[in-house]
Amino acid sequence: MTILNKISDLLASKVFKLITKTPLDSENDKRIRGLIFCEDVDSLERVPCGFIVILKKETFKNLVSEHLYKKLNENKIIALCLSGNEDDVLEIQIKHAENNNIAILVCPEIYNISYLMKHISDNLFLDNKDIYPNQKDFSIELIEQPDIQSLLLQLFQLNKHNVAYKDILNNITFVQSSNIEFNEQVRTYPIEELKKIFTCIAIIDEKYECGFLIFEKIESLPHSIINAAVFGIKLNVRKNLQNEILHKKYYINLFRDIIDNKIQDNITLLQRLRSINIRKDCQCFCILMTHEFFENKKYNDYQKNLWIKLLEKYFSFHFHKVFVIHKPEYTLLIILLNEGQSMNKIKIKENITNSCQMLFENITANLDLPKTIGISNIKDSLIELKEAVFESKNSSAYAGINKMGYSPIFWDDLGAFKIICSFSNSVEARKHHLKFLSKIIEYDKIHNGELINTLIYLEKNNWNTRQVSEKLLFHPNTIRYRFRKITELIDGDIDNCDFRFDLGLAIKLHQIYSWEEIQSVHKDAFFS
């Protein structure tokens, strides 16, 4: 049986310092059952009885609620161990800890979590050799395994029972088993069924459920080994995630260079394409999705990766290769076609619509639906990618301007709007916009008015004030007053066909400029 040290014995190592006034008499100096590393404050409530909790400084800063310390006391947590020094602990935290009989230890000499866990485990287990005679430090060995399969092999050799990891992010199951039935069960059964049969430990990182560590039998394993296995899988999940993000940078850089006109000949293009395992140039098109984005919105790599995988999954049903470039403000899909696939344009539109529909039906609760979706025409070569991005961007703008939600909007269907987009950024277009609308825009700024919005609705509804009042939910007299004020400011005769055409063009340009102003996508290198 493993003999565990007490807090007083840990302090004797001279590495740890007790900063709370928790008396270490026989009642308070209880034996420690194990240690656990907690990534965030929420996971503290799930810590087993009798454990020491290891925390980073960043996590410990958020541990100020008295309610949480009471909860830790109810769960009989032995101590909180911080990889930092006394200055990292607030007086209010010390007060709450002392009131709830919880010790706070600081370890100023060891900042690396892995080494800190190793040092504590060295001090906790007095008689490891009797249990694991061939393992000098098994916890650290688990944490340092280069991949998940190697980690499971180590666990299997130690525990002599079957073990598996079900990766939810990538829909992959890793198994170390000598039993065919166990192998089939963990690979084919849904996780809810597996929970009824085996011990399933959720791997949660940044509050995101990445997968489950599945044990056939767990009784003989000490908590420190289980915690080390969980921590080791977390490290490998993060490493794999970062490797995927790094791999995506190769094709992002390639497409960025094409859009920036750094690749203009087929020979250079083919050389660069081979670096992302594409053997020849092919037809392509772009889909741009815009998203609501707020500066204080929390956003992590797991959400980003899950969103990318969902897009790849549902668009790959119909298309040869799908590349996803994602930022919080937008998602750009660059889709490559097989030879002959572009011949049936109606079928391609149908496939895009079906892919979007499948995506929306299967999107998870922690991901947001896109605000708009714009689709370009099909291009004969990747050299034309810049034009495809332009078309998808402006198709998305059309959806936003006309409040069409996340219905897919195709560049091919936009009629005269395509022509307006082609010259909207020219100097003449800017001058035309200001010539007709500058006074109204200035008036709205000074008076906090809504004349420009009213003008847009008037032009859209054939200058019928009653229809506009119904749509904007204002009294007809209010709309009539605004109409008179608009006619005073625009210096022209609205009944004149030529003037009305010029004014309508200025309004369309204003809608494009306003949409771009509230979107951040145009600031990105892909849209400059």
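Source: prediction; values computed, not measured.

1. Looking at the overall build of the chain
Counting its regular elements, the chain contains 21 helices and 14 strands. By the burial criterion, 50% of the 528 residues in the chain qualify as buried. A separation of at least 24 residues holds for 65% of the contacts in the chain among residues at least 6 apart in sequence. Accessible surface, the chain: about 26,900 Å² in total, of which carbon and sulfur atoms supply 50%.

2. Some words on the confidence of the model for the chain
Taken over all residues, the pLDDT of the chain has a mean of 82, while the share at 70 or more is 86%. Put simply, helix 6 (residues 128–131) is where the chain has its lowest mean pLDDT, 40, and strand 6 (residues 163–167) is where it has its highest, 94. Segment residues 126–136 is flagged for pLDDT under 50; beyond a separation of four residues in sequence, or across chains, it makes eight contacts in the model.

3. Topic: the pairing of strand 9 (residues 208–215)
The side chains of a regular strand alternate between the sheet's two faces. Burial within strand 9 is extensive, with seven of its eight residues counted as buried. Relative to strand 9, strand 6 runs antiparallel, the two sharing five bridges. When the sheet's bridge partners are listed, D167 is paired in strand 9 with G211. Sheet topology note: the strand 8 (residues 199–205)/strand 9 ladder contains seven bridges and is antiparallel. Bridged to I204 within strand 9 is E209.

4. What about the sheet that holds strand 8?
With antiparallel pairing, four strands are arranged side by side in an open sheet as 7-6-9-8. Each having just a single partner strand, strand 7 (172–176) and strand 8 make up the two edges of the open sheet. The average undirected angle you get between the axes of adjacent strands in this sheet is 20°. Along the sheet face, helix 8 (residues 148–159) touches strand 6, strand 7 and strand 9 and points at about 35° away from the line of strand 7.

5. Regarding a nonpolar patch on the surface
Judged by side-chain polarity, V64, L90 and I92 come together as a nonpolar surface patch covering roughly 230 Å² of accessible area. Here V64 shows up in the loop between helix 2 (57–60) and helix 3 (66–74). Residue V64 is classed as partly exposed on the basis of its relative accessible area of 36%.

6. Things to note about the nonpolar core
Note on soluble globular proteins: their nonpolar side chains tend to be buried together. Ranked by size, the top nonpolar core spans 72 residues in total, and within it I287, F315 and I352 carry the most contacts. Tallying contributions element by element places helix 11 (residues 223–259) first for this core, with ten residues.

7. Thoughts on the environment of I78
By the element assignment, I78 lies in the loop between helix 3 and strand 4 (79–82). Assessed through its relative accessible area of 8%, I78 is described here as buried.

8. A word on unusual backbone geometry
Despite not being glycine, N261 shows a phi value in the positive range, around 65°. Turning to its location among the elements, N261 is positioned in the loop between helix 11 and helix 12 (266–274). Judged by its relative accessible area of 40%, N261 falls in the partly exposed class. Even without a glycine there, the phi angle at N448 is positive, about 50°. Mapping N448 onto the fold places it in the loop between helix 17 (427–447) and helix 18 (451–460).

9. Remarks on the pattern of salt bridges
A complete count under the given rule lists twelve salt bridges for this structure. A salt bridge links K196 to E193, with the nearest nitrogen and oxygen atoms 3.3 Å apart. One end of the pair is K196 and the other is E193, both in helix 10 (residues 191–197) and three residues apart, which spans about a single turn. By relative accessible area, which is 66% here, K196 ends up exposed. Two residues, D413 and K349, come together in a salt bridge whose shortest N-O distance is 2.9 Å. Taken as a pair, D413 in the loop between strand 14 (408–410) and helix 16 (416–423) and K349 in helix 14 (residues 345–362) lie far apart in primary sequence, 64 residues in all. Owing to a relative accessible area of 26%, K349 belongs among the partly exposed residues under this scheme. What you see here is one network of salt bridges that share partners, running through K379, E387 and E391.

10. Concerning the pairing of strand 2 (residues 34–37)
Burial along strand 2 is two-sided: G34 and I36 and L35 and F37, pointing in opposite directions, are all buried. Pairing between strand 2 and strand 3 (residues 51–55): four bridges, direction parallel. Residue pairing for strand 3: L35 is matched across the bridge by I52.

11. Side note on the packing of helix 11 against helix 15 (residues 385–401)
Where helix 11 meets helix 15, the axes come as close as 7 Å, and the angle between the chain directions of the two elements is 90°. If you check the angle between helix 11 and helix 15, you find them roughly perpendicular. Of the residues in helix 15, those touching helix 11 at F255, I258 and I259 are L385, K386 and V389.

12. A short note on the packing of aromatic side chains
All told, the structure shown has twelve aromatic pairs when counted by the stated rule. Between F285 and F319, the ring centres sit 5.4 Å apart and the planes meet at 75°, which makes this aromatic pair edge-to-face. Note that F285 is positioned in strand 10 (residues 284–290) and F319 in the loop between helix 13 (301–315) and strand 11 (321–327), a separation of 34 residues in sequence. Summarising the burial analysis for this pair, F285 and F319 share the class buried. A ring pair is formed by F390 and W411, whose centres lie 6.0 Å apart and whose planes are at 70°; its orientation type is edge-to-face. Placement of the pair is F390 in helix 15 and W411 in the loop between strand 14 and helix 16, with a sequence separation of 21 residues.

Thresholds applied
- Residues numbered from 1 in each chain as written.
- Predicted model: local features only at pLDDT ≥ 70, side-chain atom pairs only at ≥ 80, totals over all residues.
- Heavy atoms only, no water.
- Helix = DSSP H or I, 4+ residues; strand = E, 2+ residues; numbered from the N terminus.
- Buried < 20%, exposed > 50% of the residue type's maximum accessible area, 1.4 Å probe, protein only.
- Contact = heavy atoms within 4.5 Å.
- Areas by Shrake-Rupley, 256 points an atom, 1.4 Å probe, with all protein chains shown as cover.
- pLDDT = per-residue confidence, 0-100.
- Pairing = 2+ DSSP bridges.
- Axes fitted to C-alpha atoms, helices over the stretch in contact; angles between N-to-C directions.
- Patch = residues over 30% accessible without salt bridge, like charges linked within 9 Å, V, L, I, M, F, W, Y side chains within 5 Å.
- Salt bridge = Lys/Arg side-chain N within 4 Å of Asp/Glu carboxyl O.
- Core = buried A, V, L, I, M, F, W, Y, C linked by side-chain atoms within 4.5 Å.
- Parallel < 35°, antiparallel > 145°, perpendicular 65-115°, else oblique.
- Phe/Tyr/Trp six-rings, centres within 6.5 Å; stacked < 30°, edge-to-face > 60°.

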